[in-house]
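Architecture and fold: a report
One letter stands for each residue in the lines below.
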Amino acid sequence: MYREVGRCDLRIIAHKSAALAAENFMISIASKGIDTYPMEGFDSKRVKKILGLPKKAEINMIIGCGFRDKGGIYGPRFRVPFEEVYRAM
Ligand SMILES: Cc1cc2nc3c(=O)[nH]c(=O)nc-3n(C[C@H](O)[C@H](O)[C@H](O)COP(=O)(O)O)c2cc1C
């Protein structure tokens, strides 16, 4: 049971859980060869209207999904070398 149960605490917990679920979704769908693109910056009013969600609803993030273009959209993709960001303990 959470110790923090105020309205604000529960909002944070819900957003954390939604973000973790989104990450699971992104990792799972990657295993099927589909790339994802999480976005936190969007017009929430418009999105809620399009999806028919209540005004008070909160959208955690939007995830675009699709198949990558081998040449990249704006040019070759840049990735920090895996060994530079991951260490097995
Ligand atoms: C937490 C988070 C929030 C992001 N929010 C946005 C966003 O609001 N708009 C956007 O264009 N890209 C956003 N991005 C970046 C894209 O989702 C994407 O990961 C990035 O552009 C790298 O694209 P690539 O994998 O094709 O190189 C966000 C990334 C993360 C991790």
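On a predicted model such as this, the values are computed, not experimentally measured, just so you know.

What follows deals with the overall build of the chain. From N to C terminus, the chain includes three helices and two strands. For the chain, whose C-alpha radius of gyration is 17 Å, the value lies well above the compact-globule estimate of 12 Å for 89 residues. The C-alpha extent of the chain, read off along each of the three principal axes, is 45 × 40 × 20 Å. Buried positions account for 9% of the 89 residues belonging to the chain. When the accessible surface of the chain is summed, it comes to about 8,300 Å², and 60% of that surface belongs to carbon and sulfur atoms. Charge separation in the chain, taken as the distance between the mean sites of 16 positive and 10 negative side-chain charges, equals 8 Å.

Moving on to the site of the ligand. Every residue close to the ligand is listed here: Tyr37, Pro38, Met39, Glu40, Gly41, Arg77 and Arg79. With respect to the ligand, the side chain of Arg77 contributes an N or O atom lying 3.0 Å from an oxygen atom. Considering the ligand on its own, with 620 Å² of exposed area, one finds that the protein chains cover 49% of that surface. Residues of the shell around the ligand, tallied by class, amount to three nonpolar, one polar and three charged.

What follows deals with a nonpolar patch on the surface. Taken together, the side chains of Phe78, Val80, Phe82, Val85 and Tyr86 define a hydrophobic patch exposed on the protein surface, amounting to about 590 Å² of accessible area. Within the secondary structure, Tyr86 is located in the segment after α3 (82–85). Judged by relative accessible area, which is 49%, Tyr86 ranks as partly exposed.

Relative to the 34 Å expected for 24 residues at 1.5 Å per residue, helix α1 (residues 7–30) spans 35 Å between its end C-alpha atoms, a close match to the ideal helical length. For α1, the complete set of buried residues consists of Ile13, Ala22, Met26 and Ile29. Turning to α1, the residues buried within the fold contact β1 (35–39) and β2 (62–66).

Before going further, it helps to examine the packing of aromatic side chains. In this structure the tally under the stated criterion is one aromatic pair. Summarising the aromatic geometry, the rings of Phe82 and Tyr86 are spaced 5.1 Å apart at their centres and angled 20° between planes, so their arrangement reads as stacked. Assessed through its relative accessible area of 56%, Phe82 is described here as exposed.

A word on the environment of Phe82. Mapping Phe82 onto the fold places it in helix α3. When the C-alpha positions of Phe82 and Ile29 are compared, they lie 20 Å apart, and in sequence the two are 53 residues distant.

Here is what the cut-offs are and how they apply
- Residues numbered from 1 in each chain as written.
- Predicted model: local features only at pLDDT ≥ 70, side-chain atom pairs only at ≥ 80, totals over all residues.
- Heavy atoms only, no water.
- Helix = DSSP H or I, 4+ residues; strand = E, 2+ residues; numbered from the N terminus.
- Rg over C-alpha atoms; globule rule 2.2 N^0.38 Å.
- Buried < 20%, exposed > 50% of the residue type's maximum accessible area, 1.4 Å probe, protein only.
- Areas by Shrake-Rupley, 256 points an atom, 1.4 Å probe, with all protein chains shown as cover.
- Lys, Arg positive; Asp, Glu negative; His and termini not counted.
- Charge placed at Lys NZ, Arg CZ, Asp CG, Glu CD.
- Near = heavy atom within 4 Å.
- Polar contact = N/O pair within 3.5 Å; in protein donor to acceptor, adjacent residues only side chain to side chain.
- Nonpolar A, V, L, I, M, F, W, Y, C, P; charged D, E, K, R; others polar.
- Patch = residues over 30% accessible without salt bridge, like charges linked within 9 Å, V, L, I, M, F, W, Y side chains within 5 Å.
- Salt bridge = Lys/Arg side-chain N within 4 Å of Asp/Glu carboxyl O.
- Expected span 1.5 Å × (residues − 1).
- Contact = heavy atoms within 4.5 Å.
- Phe/Tyr/Trp six-rings, centres within 6.5 Å; stacked < 30°, edge-to-face > 60°.

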